[in-house]
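Each chain, letter by letter, is given below.
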Amino acid sequence: MTIPATYAAIITAAGRGTRAGDGPPKQWRVLTGESVLARSIAAFAAFPRIVVTLAPEDMAQGRAELPASVMLVAGGASRSDSVRAALESLEGSGVTHVLIHDGARPLISAEVIAGVVAALEGGAPAAAPALPITDALWRAEDGRVTGSASREGLMRAQTPQGFALDAILAAHRAHPEGAADDVELAIRASLPVTVTPGDEDNLKLTYAPDFARAERILGGMMDIRLGNGYDVHAFTAGDHVWLCGVKIPHDKALLGHSDADVGMHALTDAIYGALAQGDIGRHFPPSDPQWKGAESHIFLRHAAGLARQMGFRISNADVTLICERPKVGPHAGAMARQLSEIIGIEQDRVSVKATTSERLGFTGREEGIASIATVTLIKA
Ligand SMILES: Nc1ccn([C@@H]2O[C@H](COP(=O)(O)OP(=O)(O)OP(=O)(O)O)[C@@H](O)[C@H]2O)c(=O)n1
Ligand SMILES: C[C@](O)(CO)[C@H](O)COP(=O)(O)O
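Residues numbered from 1 in each chain as written. Chains lettered and ligands numbered in written order. Predicted model: local features only at pLDDT ≥ 70, side-chain atom pairs only at ≥ 80, totals over all residues. Heavy atoms only, no water.

- The protein is annotated in an unreviewed UniProt entry as Bifunctional enzyme IspD/IspF from Paracoccus lutimaris.
- Of the comments in the UniProt record for the protein, the one headed Cofactor (unreviewed entry) reads "a divalent metal cation". (UniProt positions renumbered as here; feature names shortened; annotations may be inferred.)

**Some points on the pairing of strand β15 (residues 246-249)**
Remark: a regular strand shows side chains that alternate across the two faces of the sheet.
And then number 1: The side-chain alternation of β15 yields one buried face, formed by V246 and I248, and one unburied face, formed by K247 and P249.
And then number 2: Examined bridge by bridge, strand β14 (residues 240-243) and β15 share four bridges and lie antiparallel to one another. When the bridges of β15 are listed, W242 appears paired with K247.
And then number 3: Adjacent in sequence and paired antiparallel, β14 and β15 are bridged by two residues, among which C244 carries a positive phi angle near 50°. (Buried < 20%, exposed > 50% of the residue type's maximum accessible area, 1.4 Å probe, protein only. Helix = DSSP H or I, 4+ residues; strand = E, 2+ residues; numbered from the N terminus. Pairing = 2+ DSSP bridges.)

**Observations concerning the site of ligand 2**
And then number 1: Every residue lining ligand 2 is accounted for by R19, R79, D102, R105, A157, T159, A180, D181 and K204.
And then number 2: Within the side chain of R19, a nitrogen or oxygen atom sits 2.9 Å from an oxygen atom of ligand 2.
And then number 3: A total of 360 Å² of accessible area belongs to ligand 2 in isolation, and the protein chains cover 73% of it.
And then number 4: Tallied by class, residues from the shell around ligand 2 come to two nonpolar, one polar and six charged. (Near = heavy atom within 4 Å. Polar contact = N/O pair within 3.5 Å; in protein donor to acceptor, adjacent residues only side chain to side chain. Areas by Shrake-Rupley, 256 points an atom, 1.4 Å probe, with all protein chains shown as cover. Nonpolar A, V, L, I, M, F, W, Y, C, P; charged D, E, K, R; others polar.)

**Focus: a nonpolar patch on the surface**
And then number 1: Judged by side-chain polarity, Y230, V232 and I372 come together as a nonpolar surface patch covering roughly 270 Å² of accessible area.
And then number 2: Relative to the helices and strands, V232 is located in strand β13 (residues 223-237). (Patch = residues over 30% accessible without salt bridge, like charges linked within 9 Å, V, L, I, M, F, W, Y side chains within 5 Å. Salt bridge = Lys/Arg side-chain N within 4 Å of Asp/Glu carboxyl O.)

**Digging into the domain arrangement of the protein**
And then number 1: According to the domain assignment, the protein contains domain 1 (7-221) and domain 2 (223-379).
And then number 2: Centre-to-centre separation of domain 1 and domain 2, based on C-alpha positions: 45 Å. (Domains from an automatic or database assignment.)

**A look at the packing of aromatic side chains**
And then number 1: Within the structure shown, the criterion is met by four aromatic pairs.
And then number 2: Ring geometry for F284 against F299: centres 4.7 Å apart, planes inclined by 45°, an arrangement best described as tilted. Of this pair, F284 sits in the loop between α9 (280-283) and α10 (297-309) while F299 sits in helix α10; the two residues are 15 residues apart in sequence, bridging distant segments of the chain. Each member of the pair, F284 together with F299, is buried.
And then number 3: Put simply, the rings of F284, W291 and F299 touch in pairs and so form one group of aromatic residues.
And then number 4: Residue placement shows R19 over the ring face of Y207; its charged tip is 5.9 Å from the ring centre. (Phe/Tyr/Trp six-rings, centres within 6.5 Å; stacked < 30°, edge-to-face > 60°. Lys NZ or Arg CZ within 6 Å of the ring centre and 35° of its normal.)

**What about the pattern of salt bridges?**
And then number 1: If you walk through the whole model with that rule in mind, you get 19 salt bridges.
And then number 2: In this structure, the salt-bridge partner of R84 is E88, at a minimum N-O distance of 3.0 Å. Of this pair, R84 and E88 both sit in helix α3 (residues 79-90), four residues apart, which is roughly one turn of the helix.
And then number 3: When its relative accessible area of 29% is taken as the criterion, R84 is described as partly exposed.
And then number 4: Residues R365 and E367 are paired through a salt bridge, measuring 2.7 Å at the closest nitrogen-oxygen approach.
And then number 5: Using a relative accessible area of 52% as the deciding quantity, one classes R365 as exposed.
And then number 6: What makes E367 partly exposed here is its relative accessible area of 39%.
And then number 7: Through salt bridges with shared partners, a single network forms among R79, D102, R105 and D182.

Structure below.
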């Protein structure tokens, strides 16, 4: 759904996460490769403006780790204080509606957000997601059940909670005592609140075991793809070869339309393969004279960029060069460095190795070099 230009998202992340136990505050903990807060912010990427509340002592970390486009506001002692500071920062900005979301709910879905926005666009001054209660409710004391309670009409509240900015700002100003959430303040201010569909996966990380549950959910949502690539180039007369972005003096050269970097071509094809996006020939046709003599990093950069565009990160890459000569071992580190820089991942996630074919076949007869590559892409 398209988010109207006058909407803003407020992500609350100024809490200390005391119930989550030891370790950094929960919003800074890492869930399958990305911080909880980065995930929560990413879910609102379509919003024209994002305000994040942070504890004053976390501001430096926020500036270093969060996207430069988000606005950081110092939070207060309670969640309500933090939200109010963010709301005040938006007054007079032209923003008409805000969605207020817990930074500690990183599994928020586009559907839940769209439900809230649709209700506001339909004219509701306030709307928030919730779920019905499916368990019986008891009262208990000292480990013993003392009674039961009706679940009739009770809902479990979630975020993001959406409001017309002026209405929720007025509610906060009128009730500085605060509340558990913004809907509670809206109700105190007599604002009608529309209930929109919540989502079981939109859990708030509160206690230590919640992190394992979130990882299990993310594991189920994860799209993991393997790609393989294979390439061969024949030798011709010359005095050097390009292998995985490194120029190696040799008594022959590799023949090709581009610079004939056989390792880089195999890796490029592995990425296209994992994305089911064809191969180098489809994106850079050899019949097109503009790619004559082209440096192969252009192809690899394109494939890695396409992966990012399609929402994947490259988790690792493994390239094998098959040749009798030149010796690859002394250059393998430099090659891995080049590849890791081009595809934008850490060097310890890239492997370049070589094997001979025991003097068998075309590589054994030193007629050319072959390469195979494998890559893993992850979308979480
Ligand atoms: N002064 C505060 C307190 C909380 N929050 C944010 O509000 C959300 C929901 O609050 P909660 O789960 O209670 O977080 P914490 O206060 O961090 O947790 P705890 O109560 O266990 O310390 C969290 O994203 C939290 O960072 C905030 O912005 N400012
Ligand atoms: C805002 C909230 O997430 C709604 O469910 C919740 O009230 C905040 O968390 P807390 O555990 O009550 O502090």
